[in-house]
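Descriptive structure summary
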Amino acid sequence: MRRSASLDTPYAIIGTSPLAEELRRMIAIAAMTDQPVLISGETGSGKEIVAKAIHFSSSRAMHPFVSIHCASLPKELAENEIFGGHFAGVESQRAVRGLKGKKIEAIGGTLFLDGVEELEPSLQSKLLRLFEEEKITTARSSIRIIASSKETIEKNIQSGQFRKDLFYRLNVIRIHTPPLRERKEDIPDLVQFFIAKYAKENPKRISKKALSLLYRYHWPGNVRELENMIIRLCLTQPKKTIEPMDIDLPLNHPLEVKEIQNLFNLPLPKALEELEQMFIHKALAECPTRSAAAKKLGIVRPLLYAKLRKYDIH
């Protein structure tokens with residue numbers, strides 16, 4: 001199967017779907033400039049992978065990629081962690097030593113702010129000054145900023161929780177990481193990638209029926225959830241082939257209803273195609289033969305074969 005990068009790279013964008021191709025195109029554009037990038041998307045959709053792909057594809061690749069997970073920073077240590085220095089009332093030994101801060105560690109490279117919408121207002125102001133004072137978008141020896149956020153950052157701006165002027169500074173190049181449910185045709189490539197990564201000493205394969213089950217699931221945790229599931233199977237299943245009975249997914253969970261509700265956000269032709277694919281995958285997973293699946297769907301077998309070719313369903 002065609003892949004976007006070597007199995008050994010930590011920032012491979014796996015898949016051949018139009019959405020995966022568009023993601024690689026935007027990464028290539030962002031890698032050619034030092035302008036700030038804002039990556040938006042759901043949890044687990046690969047925002048940090050995209051940030052690393054931009055950094056390691058750019059001229060800054062030999063310099064540090066420094067990541068800060070904004071939501072996990074203790075409020076009293078956040079400023080010291082990012083900008084360095086001593087701060088009153090902070091008793092952490094790291095602060096007492098006077099850390100240089102992630103800002104200095106990232107000089108010449110990339111500072112990745114994961115979950116930037118979680119920053120306290122005072123830190124938002126200081127980050128804005130960093131743009132103004134250090135000219136980080138133009139100075140080669142300075143810092144390149146890449147930030148990630150949930151898709152709700154615009155709502156944070158409207159509610160006053162996030163500074164609009166800082167958003168404009170960050171939102172020069174905007175990249176959206178699509179949820180896995182919108183690029184399900186990449187599931188086989190992703191599964192093979194993760195199996196090769198986590199089952200090197202005990203190689204495995206996955207059956208077509210098992211893959212059909214994966215197509216039916218909504219994947220609320222996105223690519224991260226799929227990766228964790230493959231890790232679990234590689235560690236716990238002694239068999240060489242992963243079969244449907246090995247996969248524990250809540251296929252009858254209300255999330256399936258949520259997946260159907262998401263179709264209302266699509267143009268009608270696209271929504272009808274997505275719904276048709278859902279029915280086909282469900283029938284294939286539940287029936288022993290394609291003839292039986294065609295009968296369950298209420299169509300003739302040649303028409304089912306035509307639809308399998310149309311949607312590239314194996």
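Some points on the nonpolar core
Among the nonpolar cores identified, the biggest contains 25 residues, and Val-191, Leu-214, Trp-219, Leu-226, Met-229 and Ile-230 are the most heavily contacted of them. Going through the elements one at a time, helix H9 (187-198), helix H10 (208-216) and helix H11 (222-236) are the ones with two or more residues in this core. Counting 23 residues, the second largest nonpolar core, distinct from the first, contains Leu-111, Leu-130, Ile-143 and Ile-145.

Structural notes on the side chain of Glu-227
Mapped onto the elements of the fold, Glu-227 is located in helix H11. For Glu-227, the residues in contact, after removing those within four places along its chain, are Phe-194, Lys-197 and Tyr-198.

Points about the packing of aromatic side chains
Within this structure, the stated rule accounts for six aromatic pairs. Taken together, a centroid distance of 5.9 Å and an interplanar angle of 25 degrees make the contact between Phe-65 and Phe-112 stacked. One end of the pair, Phe-65, is in strand S2 (residues 65-69); the other, Phe-112, is in strand S3 (residues 110-114), and 47 residues separate them in sequence. You can call Phe-112 buried: its relative accessible area is 0%. Their ring planes at 80 degrees and their centres at 4.7 Å tell us that Tyr-217 and Trp-219 sit as a pair that is edge-to-face. Take Tyr-217 and Trp-219: they sit in the same class, and that class is buried. Of the aromatic side chains, those joined through ring pairs into one cluster are Phe-56, Phe-65 and Phe-112.

Some words on the environment of Leu-284
By secondary structure assignment, the location of Leu-284 is in helix H13 (residues 268-286). On a C-alpha basis, the gap between Leu-284 and Ser-212 in space is 7.2 Å, while along the polypeptide they are 72 residues apart.

Structural notes on the sheet that holds S3
Taken in spatial order, the five strands of this open sheet run S2-S3-S4-S1-S5, and their pairing is parallel. Two strands bound the open sheet, and with one partner strand each, they are S2 and strand S5 (173-177). Across this sheet, the average inter-strand angle for adjacent strands is 20 degrees, counted without regard to direction. Summarising the sheet, strand S1 (residues 37-41) and S5 pair through five bridges and their orientation is parallel. When the bridges of S5 are listed, Ser-40 appears paired with His-176.

Topic: helix H1 (residues 18-31)
Owing to its 3.6 residues per turn, the α-helix aligns residues three or four sequence positions apart on the same side. Taking 1.5 Å of rise per residue, the 14 residues of H1 would be expected to cover 20 Å, and the 20 Å separating its terminal C-alpha atoms lies within 8% of that figure. Taken residue by residue, H1 has Ala-20, Leu-23, Arg-24, Met-26, Ile-27, Ala-30 and Ala-31 as its buried positions. Buried residues along H1 cover an arc of 165 degrees about the axis, so they all sit on one side. Next to the buried residues of H1 lie S1, helix H2 (47-56), strand S4 (144-149) and S5.

Some words on the packing of H1 against H2
Helix packing for two helices is described by the angle between their axes and how far apart those axes are. Running from amino to carboxyl end, H1 crosses H2 at an angle of 45 degrees, the nearest separation of the two axes being 8 Å. Between H1 and H2, the crossing angle belongs to the class labelled oblique. Seen from above, H1 lies across H2 with right-handed handedness. Counting all contacts with H1, which are made through Leu-23, Ile-27, Ala-30 and Ala-31, the residues of H2 involved are Val-50, Ala-53 and Ile-54. The residue makeup of the contact of H1 with H2, split by class, is seven nonpolar, no polar and no charged.

Scoring rules and cut-offs
Position numbers for residues count from 1 along each chain, tracking the sequence in the order it is written. The predicted nature of this model means local features are confined to residues of pLDDT at least 70 and side-chain atom pairs, given and counted, to a pLDDT of 80 or more, with totals for whole chains, interfaces and linings taken over all residues. With hydrogens and water set aside, each side-chain value is computed from the structure's full complement of heavy atoms. Here, nonpolar core refers to any group of buried Ala, Val, Leu, Ile, Met, Phe, Trp, Tyr and Cys residues whose side-chain atoms link them within 4.5 Å. The classification of residues rests on relative accessible area computed with a 1.4 Å probe and restricted to protein chains. Under 20% of the type maximum is buried, over 50% is exposed, and intermediate values are partly exposed. Strands are runs of DSSP state E lasting at least 2 residues, helices are runs of H or I lasting at least 4, and numbering of each runs from the N terminus. Contacts are assigned to residue pairs that have any heavy atoms within 4.5 Å of one another. To pair, rings of Phe, Tyr and Trp, with the six-membered ring standing in for Trp, must have centres within 6.5 Å; the planes then decide the type, stacked if under 30 degrees apart, edge-to-face if over 60, and tilted in the middle. Two strands are counted as paired when DSSP detects at least two bridges linking them. Axis definition: a line fitted to C-alpha atoms, limited for helices to the stretch in contact. Angles are taken between N-to-C directions and run from 0 to 180 degrees. Expected span, for any helix, means 1.5 Å times one less than how many residues it has. Picture the helix axis, draw a direction to every C-beta atom, and the arc is the one those directions span. Small angles under 35 degrees read as roughly parallel and large ones over 145 as roughly antiparallel, with 65 to 115 read as roughly perpendicular and the rest as oblique. By the definition used in this description, the sense in which the near helix is turned from the far one sets the handedness, with an anticlockwise turn below a right angle giving left-handed and a clockwise turn giving right-handed. Polar here means any residue outside two lists: the nonpolar Ala, Val, Leu, Ile, Met, Phe, Trp, Tyr, Cys and Pro, and the charged Asp, Glu, Lys and Arg; Gly therefore counts as polar.

What is shown is where atoms sit, not what they do.
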